[in-house]
Amino acid sequence: MSATVSPLSENLGAIVNGVDLREPLSDADRRTLYQAFLDHHVIAIRGQDGLTPDQVLDLSRIFGPELEPHTFTEFHHPDTPLIIVLSNRVEMGGKPKGLADAGTFWHSDVSYKEIPAKATLLYSVEIPDQGGDTLFCNLTAAYDALPDDMKTRLDGLTAVHDYTHSKRDILVEGKVAAPDPGTHPVVRMHAETGRKAIYINPAYTTRINELNEAESDALMAEIFDHCLQDQFRMTYQWQPGDVLAWDNAAIMHSATTKNLDPAKHRTLWRTIISGDGPVR
Ligand SMILES: O=C(O)CCC(=O)C(=O)O
Ligand SMILES: [Fe+2]
């Protein structure tokens with residue numbers, strides 16, 4: 001048995017079949033998974049119930065050598081700080097089992113830091129029969145589809161990404177200290193594929209540095225309207241035992257867990273694969 005790759009939707013993503021992640025992966029399968037990640041930006045491997053935390057960490061390292069713990073220590077997996085638990089379950093005594101509403105806005109993971117996350121991996125432990133989809137937007141295709149004059153206009157612009165833009169509630173509760181904002185190019189060049197992608201997002205990007213505030217707001221609104229058209233979008237419907245890995249240099253995503261019925265339980269494990277330097 002060896003890995004095969006087929007498209008997940010017209011606009012982005014791929015399904016990888018023919019792998020059993022409970023068994024050691026061959027080098028050839030690891031390469032196939034990584035190439036599918038570069039080519040399709042989001043990859044899904046289904047039917048992988050019963051993975052251990054170590055297996056999830058090993059799998060995450062296909063996408064980069066360094067994993068990083070989430071800033072929010074409260075929901076680290078009991079076995080390892082490199083896995084954070086996302087869950088709307090509440091344990092006996094009222095203690096939440098995980099982070100209940102991570103990323104319920106369009107964002108690219110950790111873009112607010114000088115060195116953002118290269119990739120993110122989610123492993124679904126339990127999934128409700130309805131709701132809790134994750135939404136994706138292909139920022140590489142959105143860049144390619146821009147008119148040439150807009151590409152020229154964006155060339156050389158930089159923008160500020162600030163954690164406090166969308167996370168004010170957590171900060172007010174005093175649970176985390178705000179990292180210093182990051183500054184990145186508005187259009188980034190993928191370190192491995194050389195493809196360009198738009199790299200601003202509604203959750204964290206506060207300002208295009210080279211423009212005045214009104215111009216910056218107007219240009220960002222125009223770009224977000226362009227990106228969020230149906231032709232660049234994919235909705236991922238989870239099943240238990242799914243592994244999803246995505247390339248934060250090529251897509252943005254949004255959780256929909258704010259709309260989840262509290263009687264329906266959703267629990268995932270999440271790892272963050274570190275970037276290897278500033279965004280270019
Ligand atoms: O729970 C989800 O659907 C996605 C959460 C998210 O944004 C993330 O894990 O980076
Ligand atoms: Fe996210």
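Refer to the structure printed above.
What counts and what doesn't
- Residues numbered from 1 in each chain as written.
- Chains lettered and ligands numbered in written order.
- Predicted model: local features only at pLDDT ≥ 70, side-chain atom pairs only at ≥ 80, totals over all residues.
- Helix = DSSP H or I, 4+ residues; strand = E, 2+ residues; numbered from the N terminus.
- Buried ≥ 20, exposed ≤ 12 C-beta atoms within 10 Å, placed from the backbone.
- Contact = placed C-beta atoms within 7 Å.
- Pairing = 2+ DSSP bridges.
- Axes fitted to C-alpha atoms, helices over the stretch in contact; angles between N-to-C directions.
- Near = placed C-beta within 6 Å.
- Nonpolar A, V, L, I, M, F, W, Y, C, P; charged D, E, K, R; others polar.
- Core = buried A, V, L, I, M, F, W, Y, C linked by C-beta atoms within 7 Å.
- Arc of directions from axis to C-beta.
- Expected span 1.5 Å × (residues − 1).

A. Broad picture of the overall build of the chain. Helix and strand counts for the chain stand at six helices and 17 strands. By principal-axis analysis of the C-alpha atoms, the chain measures approximately 50 × 45 × 35 Å. Counting all 280 residues of the chain, 40% fall into the buried class. If you take every contact in the chain between residues at least 6 apart in sequence, the share linking residues at least 24 apart comes to 78%.

B. Spatial organisation of the sheet that holds strand E14 (residues 233-236). One open sheet holds the three strands; their spatial order is E14-E8-E16, and the pairing between them is antiparallel. Where the open sheet ends on each side, the last strands, each with one partner, are E14 and strand E16 (251-255). Each adjacent strand pair in this sheet contributes to an overall mean axis angle of 20°, direction not counted.

C. Summary view of the site of ligand 1. The local shell around ligand 1 consists of Leu86, Ala102, Gly103, Asp109, Thr120, Leu122, Thr134, His253, Ala255, Thr257 and Arg270. At the level of secondary structure, the elements contributing two or more residues to the shell around ligand 1 comprise strand E7 (117-126) and E16. Here the residues of the shell around ligand 1 sort into four nonpolar, five polar and two charged.

D. Quick peek at the nonpolar core. In this structure, Ile43, Leu121, Leu139, Ile198, Ala245 and Ile251 are the most contacted members of the largest nonpolar core, which totals 64 residues. Those residues in contact with Ala245, other than ones at most four positions away along the chain, are Phe37, Ile43, Phe63, Ala119 and Leu121.

E. Here's a closer look at the environment of Glu10. With respect to the secondary-structure elements, Glu10 resides in the loop between strand E1 (4-7) and strand E2 (14-17). The exposed category is assigned to Glu10, around which 10 C-beta atoms lie within 10 Å. Taking the C-alpha atoms as reference, Glu10 lies 8.3 Å from Met234; in sequence the two are 224 residues apart.

F. Summary view of helix H2 (residues 53-60). For H2, the full list of buried residues reads Val56, Leu59 and Ser60. Taken around the axis of H2, the buried residues stretch over an arc of 100°, which confines them to a single face. If you follow the buried residues of H2, they end up packed against strand E4 (67-68), strand E6 (80-87), E7, strand E15 (243-247) and strand E17 (267-274).

G. Main features of the pairing of E16. With respect to burial, E16 is a largely interior element, five of its five residues being buried. With burial as the criterion, each face of E16 is covered, one bearing Ile251, His253 and Ala255 and the other bearing Met252 and Ser254.

H. Seen up close, the environment of Leu51. Along the polypeptide, Leu51 turns up in the loop between strand E3 (42-45) and H2. Sequence spacing of Leu51 and Arg22 is 29 residues, and the spatial spacing of their C-alpha atoms is 6.2 Å. For Leu51, the contacting residues outside a window of four places in its chain are Leu21, Arg22, Val56 and Tyr123.

I. Fine view of the sheet that holds strand E9 (residues 158-161). The strand order across the open sheet formed by three strands is E10-E9-E13, and the pairing between neighbours is antiparallel. Edge strands, defined here as strands with exactly one partner in the open sheet, are strand E10 (182-185) and strand E13 (205-208). Within this sheet the neighbouring strands show an average axis-to-axis angle of 30°, counted without direction. Bridge analysis of E9 against E10 gives four bridges, and the strand direction is antiparallel. Looking at the pairing, His161 lines up with Gly182 of E10.

J. Quick peek at helix H1 (residues 27-40). End to end, H1 covers 20 Å across 14 residues, agreeing with the expected 20 Å (1.5 Å per residue, within 8%). Looking at the buried side of H1, the elements it contacts are E1, E2, E3 and E15.

K. Looking closely at the pairing of E1. Bridging between E1 and E2 involves four bridges; their strand directions are antiparallel. What sits directly across from Thr4, in E2, is Asn17. The loop that links E1 with its antiparallel partner E2 comprises six residues; one of these, Gly13, has a positive phi angle of about 95°.

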